[in-house]
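Understanding the architecture of this molecule
Each chain, written out:
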Amino acid sequence: MKANCWTGRNSVEVQDVPDPSILNSRDAIVKITATAICGSDLHLVDGYVPTMEKGDILGHEFMGEVVEVGPGINADTLRVGDRVVVPFPIACGSCASCRAQLYSCCENTNPNAGISEKMFGHPTAGIYGYSHLTGGFAGGQAEYARVVFADVNALKIESDLSDEQVLFLSDILPTGFMGADMCDIQEGDVVAVWGAGPVGQFAMDSARVLGAEKVIAIDKENYRLDMASAQGYTTIDFEDTDVRSALLELTGGRGPDKCIDAVGMEATHGAAHVHLYDRAKQAVRSESDRPHVLRQAIMSCRSGGVVSVIGVYGGLVDKFPAGAWMNRSLTLRTGQCHVQRYMKPLLGMIEQGKIDPTRIITHRLPLTEAPTGYDLFKNKKDHCEKVVLSP
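Taking an unreviewed UniProt entry as the reference, the protein chain is identified by name as Glutathione-dependent formaldehyde dehydrogenase belonging to Streptomyces apricus. Per UniProt, the protein chain carries the Cofactor (unreviewed entry) text "Zn(2+)". Recorded in UniProt for the protein chain, the comment headed Sequence similarities (unreviewed entry) runs: "Belongs to the zinc-containing alcohol dehydrogenase family."

The subject of this paragraph is the pattern of salt bridges. In total, this model carries 19 salt bridges according to the counting rule given. One salt bridge connects Lys381 with Asp375, and the closest N-O pair in it is separated by 2.7 Å.

Within the secondary structure, Asp205 is located in helix α7 (residues 198–209). Excluding residues within four positions of it along the chain, Asp205 makes contact with Tyr233 and Arg359. A polar contact is formed between the side chain of Asp205 and the side chain of Tyr233, at a distance of 2.7 Å.

Domains assigned within the protein chain are domain 1 (2–170 + 337–390) and domain 2 (173–334). Facing the 34 residues of domain 1 at the interface are 31 residues of domain 2. Both faces combined, the contact of domain 1 with domain 2 buries some 2700 Å², and carbon together with sulfur accounts for 65% of it. Between Asp205 and Arg359 there is a salt bridge, and its shortest N-O distance comes to 3.0 Å. There are 7 residue pairs in polar contact (both at pLDDT 80 or more) connecting domain 1 and domain 2. When contributions to the side of domain 1 that touches domain 2 are tallied by element, the ones reaching two or more residues are α1 (39–45), α3 (113–120) and α13 (339–351). Sorting elements by how many residues they give to the side of domain 1 that touches domain 2 places α13 first, with 5 residues.

What follows deals with the UniProt feature "domain: Alcohol dehydrogenase-like N-terminal" (unreviewed entry) in the protein chain. UniProt feature "domain: Alcohol dehydrogenase-like N-terminal" (unreviewed entry): in the numbering of this structure it lies at residues 26–147. Segment residues 26–147 splits into 16% helix and 26% strand. End C-alpha atoms: 9 Å apart.

Quick notes on the rules
- Residues numbered from 1 in each chain as written.
- Predicted model: local features only at pLDDT ≥ 70, side-chain atom pairs only at ≥ 80, totals over all residues.
- Heavy atoms only, no water.
- UniProt positions renumbered as here; feature names shortened; annotations may be inferred.
- Salt bridge = Lys/Arg side-chain N within 4 Å of Asp/Glu carboxyl O.
- Helix = DSSP H or I, 4+ residues; strand = E, 2+ residues; numbered from the N terminus.
- Contact = heavy atoms within 4.5 Å.
- Polar contact = N/O pair within 3.5 Å; in protein donor to acceptor, adjacent residues only side chain to side chain.
- Domains from an automatic or database assignment.
- Buried area = accessible area lost by both parts, 1.4 Å probe.

Dropping the structure here:
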């Protein structure tokens, strides 16, 4: 089969690779009908997530048709012919974390838990196409994929919704929703979202659905800000505006009630000297992540507010404003998304027309043109917001 593979830093290539096969009794094989390029994939391509190996199959946002199931899967749960969306974190469904619906912290699905534990203190769940740190599982930017614990991790789509309407249930829609959900949004809240990429857009939509009175989008790309503005959100261009000052002005001097970091480790800063400082430290590996957004969100949030972090961080940051966080009673909530917790409720919202996931799609390409898609997305060419690939 053909698959999009990591071939080195800033290099991906569509290659012929062996077809996946059933390895465990609760596996399933899915023929991919739609997959996508995620902002998190760029962290892999840029070399900021360790343990990638040449030839690793990328991609953790995918869906398709079940073509084979293992003998341990009950036919009432999943069978050949079912149309499914696959969540990016792999959950066993029975460990303490899974029972608490903390699926991205599953204790049983990362075969390289020892590596993950050294990096993070405790292991994380396995993740498709996301380095050997998270298990080395082949990803879904391919013609076929092996789905692990498929009876727990594959959401059946039994309506006539299109692939594009449900594909993002695999990651970015639940991730954006979780970012808003962790904010405990109350009626009348002002919510500021750093990053108007796909996850940021869905965090804004989710904040509105959950009752926010005003949603503020912060970015520097005009096309992304225009996309947010078209939904009725207030926008701030951080390259020509002091973000904290603008947020204070918009909130009567208090700051936003809730702040969402939808950017993560590769954030940029409007002030060149600040950005250069972190880029230099990152280049020599004295820090792995650029925490511009995290710092700014903490300093901007009103006292007693919530800072919700769904942008991916992988290692160490410098100049973390612990004093502001502690002394102003801020709550910091974070996490890789517990996708399985949110898939069914969000599917219902899509069916009811409360959220339209297709609004962020700007580019549709065949799988064979995946390298072009990465170039468009990474370098923000042609106003690229989201790329969907069709095998």
